[in-house]
Amino acid sequence: MDQDSLLKRIRTIELQTRGMTEQVFAGQYQSAFKGRGMSFSEVRSYQVGDDVRTIDWNVTARFREPFVKIFEEERELTVLLIIDVSGSMYFGQGSDSKISLAVELAATLAFSAAKKNDKIGAIFISDEVEYYVPPKKGFGHAHFLLRKLINLKPKSAGTNLDIGLKYARNIFKQRSICFVISDFSQLEMNKEGFANTARKHDLVVLGVSDPGEAKLPDVGFVRWMNAETNMTNWIDSSSAVVRRDYEKKYHQQREKNETFFQQLGIDAAFFEVGDHVYLPLLQLFNRRK
């Protein structure tokens, strides 16, 4: 999908997200992600059943009857998008690609955060930090972030998600919500890097794929090029054995990724180019309540 088409799609997503707000989407987003903690709100007279540990002894002594402290959740959140912009993310059979799906996911999350007055930031990662967008509030900032993503020309085609995770751990001292959006094509992911990030932040992974990746077409001998390493080799796609082996390895890698996150206790959702993103996101949010 070209830049103009993506910008138009972003405007549509913004309207859809605003229209769905409390009734469906943003309300689910709010309940799925909690604030930083509890802050003092007010005092009221003690009622039977109140926790005695919440008694405000200063106010109680002043008025000579028991009062308790009322606390409310600090709702303001910081949402950080760690987005894979490596070479494999630009694969797509039709007008869309995995990176355009990543843009759609990023837009949905950014506008949901803006609607709830949460800060939204991003780290665009290949095998280096390509660009960092510091978190700010508002729909204007969400648009700025998404334009940066759409217009980005990555310097590297490689993948090293651990660099983005480490960057997030170092730059954000307070607990934040981190969404990692990637095709997770990196053959060996650093379990320690994901585990350390999940301990410090609320980590959620969103996997993207293209249906054209799952099967190798029968087109005879073709030169195969790795989009991240530029390494090439020739394969005989007319061979049923080659095609079957390719499909088997693809599904094994998908299962390996899903197991990887399950073992770490990290919430995950997976998306395919051409699918609507709302339903899988809603299902993810509902699981987190």
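Residues numbered from 1 in each chain as written. Predicted model: local features only at pLDDT ≥ 70, side-chain atom pairs only at ≥ 80, totals over all residues. Heavy atoms only, no water.

*Asks:* I'm lost on the nonpolar core in this one. Help?
*Replies:* Generally speaking, a soluble globular protein has its nonpolar side chains buried in company with each other. With 46 residues, the main nonpolar core has Leu81, Ile83 and Leu206 as its most contacted residues. Top element by residues in this core is helix 4 (residues 98–115). It accounts for twelve residues. Residues Leu165, Ala168, Val180 and Ile266 belong to the second largest nonpolar core, which totals 19 residues. (Core = buried A, V, L, I, M, F, W, Y, C linked by side-chain atoms within 4.5 Å. Buried < 20%, exposed > 50% of the residue type's maximum accessible area, 1.4 Å probe, protein only. Helix = DSSP H or I, 4+ residues; strand = E, 2+ residues; numbered from the N terminus.)

*Asks:* Looking at this structure, I do not really get the pattern of salt bridges. What am I missing?
*Replies:* Once the charged atoms of two side chains with opposite charge are near each other, the side chains can pair. For the coordinates displayed, the defined rule picks out six salt bridges. Arg44 is the salt-bridge partner of Asp50, the closest N and O atoms lying 2.9 Å from each other. Its salt-bridge partner being Asp183, residue Lys98 comes within 2.8 Å of it at the nearest N-O pair. Highlighted residues: Lys98 in helix 4 and Asp183 in the loop between strand 6 (177–182) and helix 7 (191–200), separated in sequence by 85 residues. Exposure remark for Lys98: the relative accessible area of 1% places this residue in the buried category. Using a relative accessible area of 12% as the deciding quantity, one classes Asp183 as buried. Each of Lys98, Asp183 and Glu213 takes part in salt bridges that share partners, so that together they form one network. (Salt bridge = Lys/Arg side-chain N within 4 Å of Asp/Glu carboxyl O.)

*Asks:* Help me understand the packing of helix 4 against helix 5 (residues 139–151), please; the structure alone is not making it clear to me.
*Replies:* The angle between the axes and the distance between the axes are what describe a pair of packed helices. The N-to-C vectors of helix 4 and helix 5 enclose an angle of 165°; their axes lie 9 Å apart at closest approach. Relative to helix 5, the element helix 4 is oriented roughly antiparallel. Where helix 4 crosses over helix 5, the two elements pack in a sense that is right-handed. Together, Val103, Ala106, Ala107, Ala110, Phe111, Ala114 and Lys115 of helix 4 and Phe139, Ala142, His143, Leu146, Leu149 and Ile150 of helix 5 make up the contact between the two elements. Residue composition of the contact of helix 4 with helix 5, by class: eleven nonpolar, one polar and one charged. (Axes fitted to C-alpha atoms, helices over the stretch in contact; angles between N-to-C directions. Parallel < 35°, antiparallel > 145°, perpendicular 65-115°, else oblique. Left-handed = near helix turned anticlockwise from the far one by under 90°. Contact = heavy atoms within 4.5 Å. Nonpolar A, V, L, I, M, F, W, Y, C, P; charged D, E, K, R; others polar.)

*Asks:* Sorry, what's going on with the sheet that holds strand 6 here?
*Replies:* Each strand in a sheet pairs with its neighbour through backbone hydrogen bonds, running either in the same direction (parallel) or in the opposite one (antiparallel). Strand order in this open sheet of six strands is 5-4-3-6-7-10, and the pairing throughout is mixed. Each having just a single partner strand, strand 5 (129–136) and strand 10 (267–272) make up the two edges of the open sheet. Across the sheet, the axes of successive neighbouring strands diverge by a mean angle of 15°, strand direction being ignored. One ladder, built from six bridges, connects strand 7 (residues 202–209) with strand 10; its direction is parallel. (Pairing = 2+ DSSP bridges.)

*Asks:* How should unusual backbone geometry be read in this particular structure?
*Replies:* Excluding glycine, residues mostly have negative phi values, and the peptide bonds linking residues are mostly trans. A positive phi angle, close to 65°, is found at Asn117, a residue other than glycine. Tracing the backbone shows Asn117 in the loop between helix 4 and strand 4 (119–125). On the basis of relative accessible area, Asn117 is assigned to the partly exposed category, the value being 43%. A positive phi angle, close to 50°, is found at Phe184, a residue other than glycine.

*Asks:* What exactly am I supposed to notice about the packing of aromatic side chains here?
*Replies:* The geometry of an aromatic ring pair is captured by the separation of the ring centres together with the interplanar angle, meaning the angle of the planes. Considering all chains together, one arrives at nine aromatic pairs under this definition. Ring centres of Phe194 and Phe260 lie 5.5 Å apart, and the angle between their planes is 85°; this geometry places the pair in the edge-to-face category. Pair noted here: Phe194 is in helix 7 and Phe260 is in helix 8 (residues 240–264), with a separation of 66 residues, a long-range link. Comparing Phe194 with Phe260, the two get one shared label, buried. One aromatic cluster in this structure is built from Phe184, Phe194, Phe260 and Phe261. (Phe/Tyr/Trp six-rings, centres within 6.5 Å; stacked < 30°, edge-to-face > 60°.)

*Asks:* Before we go on, may I ask you to explain the environment of Ile123 in this structure?
*Replies:* Here Ile123 shows up in strand 4. By relative accessible area, Ile123 is classed as buried at 0%. The sequence separation of Ile123 and Tyr167 amounts to 44 residues, and the corresponding C-alpha distance is 8.4 Å. Ignoring any residue separated from it by four or fewer positions in sequence, one finds Ile123 in contact with Leu80, Leu81, Ile82, Ile83, Val129, Tyr131, Tyr132, Gly164, Tyr167 and Ala168.

*Asks:* What am I meant to see in the pairing of strand 5 here?
*Replies:* Sheet topology places strand 4 next to strand 5; five bridges connect them, and they run antiparallel. When the sheet's bridge partners are listed, Ala122 is paired in strand 5 with Val133.

*Asks:* I tried to follow the packing of helix 7 against helix 8 on my own but got confused; where do I start?
*Replies:* For the pair helix 7 and helix 8, interaxial distance at closest approach is 10 Å and the crossing angle is 45°. By the angle class used here, helix 7 and helix 8 are oblique. For the crossing formed where helix 7 meets helix 8, the hand is right-handed. Touching Lys191, Phe194 and Ala195 of helix 7 are Phe260, Phe261, Gln263 and Leu264, all from helix 8. Residues of the contact of helix 7 with helix 8, tallied by class, amount to five nonpolar, one polar and one charged.

*Asks:* In this structure, what is going on with helix 8? I would like to understand it.
*Replies:* Three- or four-residue spacings in an α-helix give side chains the same orientation, since the helix completes a turn every 3.6 residues. Over its 25 residues, helix 8 runs 37 Å from end to end, which matches the ideal 36 Å to within 8%, given 1.5 Å per residue. Within helix 8 the residues assigned to the buried category are Tyr250, Gln253, Asn257, Phe260 and Phe261. Here the buried face of helix 8 lies against helix 7, strand 7 and strand 10. One or two residues past the end of helix 8 sits Gly265, with phi positive at roughly 70°. (Expected span 1.5 Å × (residues − 1).)

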